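Each chain, written out:
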Amino acid sequence: MNYKRTKLACYSAYVTMASAFALPPLLFVTFHDMYNVSYTLLGTLVLVNFCTQLTVDLILSFFSKYFNTKLLVRVMPIITSTGLVFYALAPMMFPNSVYLGFLIGTVIFSISAGLSEVLVSPVVAAIPSDNPGRDMSFLHSLYGVGVTVVIVISTIFFKLFGSENWSFLTLLFAALPISTAVLFMTSPMPEKFA
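The rules behind the values
- Residues numbered from 1 in each chain as written.
- Predicted model: local features only at pLDDT ≥ 70, side-chain atom pairs only at ≥ 80, totals over all residues.
- Heavy atoms only, no water.
- Core = buried A, V, L, I, M, F, W, Y, C linked by side-chain atoms within 4.5 Å.
- Buried < 20%, exposed > 50% of the residue type's maximum accessible area, 1.4 Å probe, protein only.
- Helix = DSSP H or I, 4+ residues; strand = E, 2+ residues; numbered from the N terminus.
- Contact = heavy atoms within 4.5 Å.
- Salt bridge = Lys/Arg side-chain N within 4 Å of Asp/Glu carboxyl O.
- Axes fitted to C-alpha atoms, helices over the stretch in contact; angles between N-to-C directions.
- Parallel < 35°, antiparallel > 145°, perpendicular 65-115°, else oblique.
- Left-handed = near helix turned anticlockwise from the far one by under 90°.
- Nonpolar A, V, L, I, M, F, W, Y, C, P; charged D, E, K, R; others polar.

A short note on the nonpolar core
Grouped burial of nonpolar side chains is what soluble globular proteins tend to show.
Phase 1: Ranked by size, the top nonpolar core spans 25 residues in total, and within it Cys-10, Leu-115, Val-120, Leu-139 and Phe-184 carry the most contacts.
Phase 2: Going through the elements one at a time, helix H1 (4-35), helix H2 (39-63), helix H3 (69-93), helix H4 (98-126), helix H5 (132-161) and helix H6 (166-185) are the ones with two or more residues in this core.
Phase 3: Per-element tally for this core: the top contributor is H1, with 7 residues.
Phase 4: Once you skip the residues sitting within four places of it in the chain, Leu-139 turns out to touch Cys-10, Tyr-11, Tyr-14, Val-120, Ser-121 and Val-124.
Phase 5: With 23 residues, the next largest nonpolar core counts Leu-27, Leu-84, Tyr-99 and Trp-166 among its residues.

In structure tokens form, the structure reads like this:
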């Protein structure tokens, strides 16, 4: 069986996961200026992100046999996208408490990141390969590539359109995981996960 699309989906998942992590801190100054959110609360989003991820990692590490791994891998990018959409629409959905929207969005995409950390590497490891070490190294290097791409695109976007239009940039990054979801849903999974 050919697993090229499955590998591509895993690689894409790592790049899109980077967008969920790299983008919010780039927006913190804008959130402070536009919505009067204190830097303490914005820093708390980083803590919530970390704790949510860690909780998901621990749950999956100890109770993985109770979860449908194939399904989790396939819905993981949709969860990322949902979290970013919450972020982008927070001012409209929560006009009196924008921070609540940012908090909900952070929890949602952090769940996806936790899933990604625990599930994507084993999928790549289970795919038959002539050089599995190279495949895993490439997978993990893509996170750094994703962060760099997010920073470059965000910088160009803010120069061209201004930081006040941050929600459009966030929606753009929210659209990316959808292609990853399509790749996962149309790709075969290794026997271990089938």
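Focus on the side chain of Ser-154
Phase 1: Along the chain, Ser-154 falls in helix H5.
Phase 2: Ser-154 sits in the buried class, given a relative accessible area of 1%.
Phase 3: Other than its neighbours up to four places away in sequence, Ser-154 contacts Leu-23, Leu-26, Leu-169 and Phe-173.

Brief notes about the pattern of salt bridges
Phase 1: A complete count under the given rule lists 2 salt bridges for this structure.
Phase 2: The salt bridge involving Lys-7 is made with Asp-135; its shortest N-O contact spans 3.0 Å. In this pair, Lys-7 sits in helix H1 while Asp-135 sits in helix H5, placing the two residues 128 residues apart along the sequence.
Phase 3: Of the residues examined, Lys-7 reaches a relative accessible area of 19% and is grouped as buried.

Re the environment of Thr-180
Phase 1: Relative to the helices and strands, Thr-180 resides in helix H6.
Phase 2: Looking at Thr-180, the relative accessible area reads 0%, which means it is buried.
Phase 3: Taking C-alpha positions, Thr-180 is 23 Å from Leu-26, a pair spaced 154 residues apart along the chain.
Phase 4: Filtering out sequence-adjacent residues up to four positions away, Thr-180 remains in contact with Ala-9, Ser-12, Ala-13, Thr-16 and Pro-77.

Details of the packing of H4 against H5
Phase 1: Their axes nearest at 9 Å, the elements H4 and H5 cross at an angle of 155 degrees. When the axis of H4 is compared with that of H5, the two are roughly antiparallel. Once H4 is placed against H5, the crossing between them reads as right-handed. Facing Val-120, Ser-121, Val-124 and Ala-125 of H4, the residues of H5 in contact are Asp-135, Met-136, Leu-139 and His-140.
Phase 2: Of the residues contributing to the contact of H4 with H5, the split by class is 5 nonpolar, 2 polar and 1 charged.

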